[in-house]
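Observations on chain architecture
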Amino acid sequence: NAGVTQTPKFRILKIGQSMTLQCTQDMNHNYMYWYRQDPGMGLKLIYYSVGAGITDKGEVPNGYNVSRSTTEDFPLRLELAAPSQTSVYFCASSYRDGYEQYFGPGTRLTVT
Amino acid sequence: SQELEQSPQSLIVQEGKNLTINCTSSKTLYGLYWYKQKYGEGLIFLMMLQKGGEEKSHEKITAKLDEKKQQSSLHITASQPSHAGIYLCGADETGSARQLTFGSGTQLTVLP
């Protein structure tokens, strides 16, 4: 199993540009999550999904959108990128409630 | 979201020494998750604690959750360079583990 994979690993965006961060898991997990990690800070939950077709906001959803059309994929869309969105983005998945989350390697995004 | 305090923020120890990292919440927790992160990589799950007074060990790492379920400690015995990294605690305050609150992390350096 590859686990949780994310692409790209690095990206530089100009202010106002858009992009999609890709996340795929091959563990048949129902639950998937997107976090951002700012320097010296813990992870903040952006969005999560409990199954295909179901998504919900986390702590910091503004400026982002998600979709979940399949069990495996959970892309994160940034519209009109802003410098405040410069961060490291992690995707994670878990079997169900109360189970540990498995994390991808992260995408390092810089918006200038 | 609740406050989750991790201490110390950074720790430098000589190889072979024991060390402890603490994670304290202002609220009673449903679960406490410990993760390890290496620079530029995703989080690796270490242990999950759910019951007051619970203690789990894996190799040289032991994690405990106090009886009140508000404080957890991670203890490493006879530290090795391979233990170096950032240790993060994640707290489940809702019972669903969907929206974990993470501490800001403890940067551990082990000197050979």
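In case you missed it, the structure is sitting above this.
Given the structure is predicted, the values throughout are model-derived calculations rather than measurements.

The next subject is the packing of aromatic side chains. Per the counting criterion, the structure on display carries 9 aromatic pairs over all chains. Note on A:Tyr35 and B:Phe102: the rings are 5.5 Å apart at their centroids and 90° apart in plane angle, and the pair reads as edge-to-face. Taken together, the positions of A:Tyr35 in strand β4 (residues 31–37) and B:Phe102 in strand β10 (residues 100–102) put the pair across two chains. The exposure classification of A:Tyr35 matches that of B:Phe102, with both residues buried. The rings of A:Tyr33, A:Tyr35, A:Phe103, B:Tyr35, B:Phe45 and B:Phe102 are connected pair by pair, giving a single aromatic cluster. Over the face of the ring belonging to A:Phe74 we find A:Arg68, whose NZ or CZ atom lies 5.9 Å from the ring centre.

Below, the discussion takes up the sheet that holds strand β1 (residues 4–7) of chain A. Residues and elements named next belong to chain A. The 4 strands are arranged β1-β3-β8-β7 in an open sheet whose pairing can be described as antiparallel. Looking along the sheet, the strands with just one partner apiece sit at the ends: β1 and β7 (64–66). For this sheet, the mean angle separating the axes of adjacent strands, direction not counted, is 20°.

With that settled, the discussion passes to the side chain of B:Lys36. All names here are of chain B. Here Lys36 lies in strand β4 (residues 31–37). Lacking a salt bridge, the buried Lys36 has Glu41 as its closest oppositely charged neighbour, with an N-O distance of 8.5 Å. Setting aside chain neighbours within four positions, we find Lys36 in contact with Gly42, Leu43, Ile44, Leu46, Ser82, His83, Ala84, Gly85, Ile86 and Tyr87.

Reading guide: rules and limits
- The numbering scheme is per chain: residues are counted from 1 as the chain's sequence reads.
- Each chain gets a letter, beginning with A, and each ligand a number, beginning with 1, in the order they are written.
- For this predicted model, a pLDDT threshold of at least 70 governs which residues receive local features, and a threshold of 80 or more governs which side-chain atom pairs are given and counted, while totals over whole chains, interfaces and linings are taken from all residues.
- Each side-chain value is worked out from all heavy atoms of the structure, with water and hydrogens disregarded.
- Paired rings are identified among Phe, Tyr and Trp, the last through its six-membered ring, by centres lying within 6.5 Å, and are further divided according to the angle between planes into stacked (under 30 degrees), edge-to-face (over 60) and tilted (the rest).
- Strands here are runs of E lasting at least two residues and helices are runs of H or I lasting at least four, both read from the DSSP assignment and numbered beginning at the N terminus.
- Here's how the labels work: a residue is buried when its accessible area is under 20% of the maximum for its type, exposed when over 50%, partly exposed in between, all with a 1.4 Å probe on protein chains only.
- As a reminder, the over-ring test applies to NZ of lysine and CZ of arginine, requiring each to be within 6 Å of the ring centre and within 35 degrees of the ring normal.
- Pairing between strands requires that DSSP locate at least two bridges from one strand to the other.
- In this description, a line fitted to the C-alpha atoms serves as the axis of each element, helices being fitted only across the stretch in contact, and the angle between N-to-C directions of two axes falls anywhere from 0 to 180 degrees.
- The convention is simple: Lys and Arg are positive, Asp and Glu are negative, and His and the chain ends are not counted.
- Whenever Lys or Arg places a side-chain nitrogen within 4 Å of a carboxyl oxygen from Asp or Glu, that contact is recorded as a salt bridge.
- Residue contacts are counted whenever heavy atoms from the two residues lie within 4.5 Å of one another.

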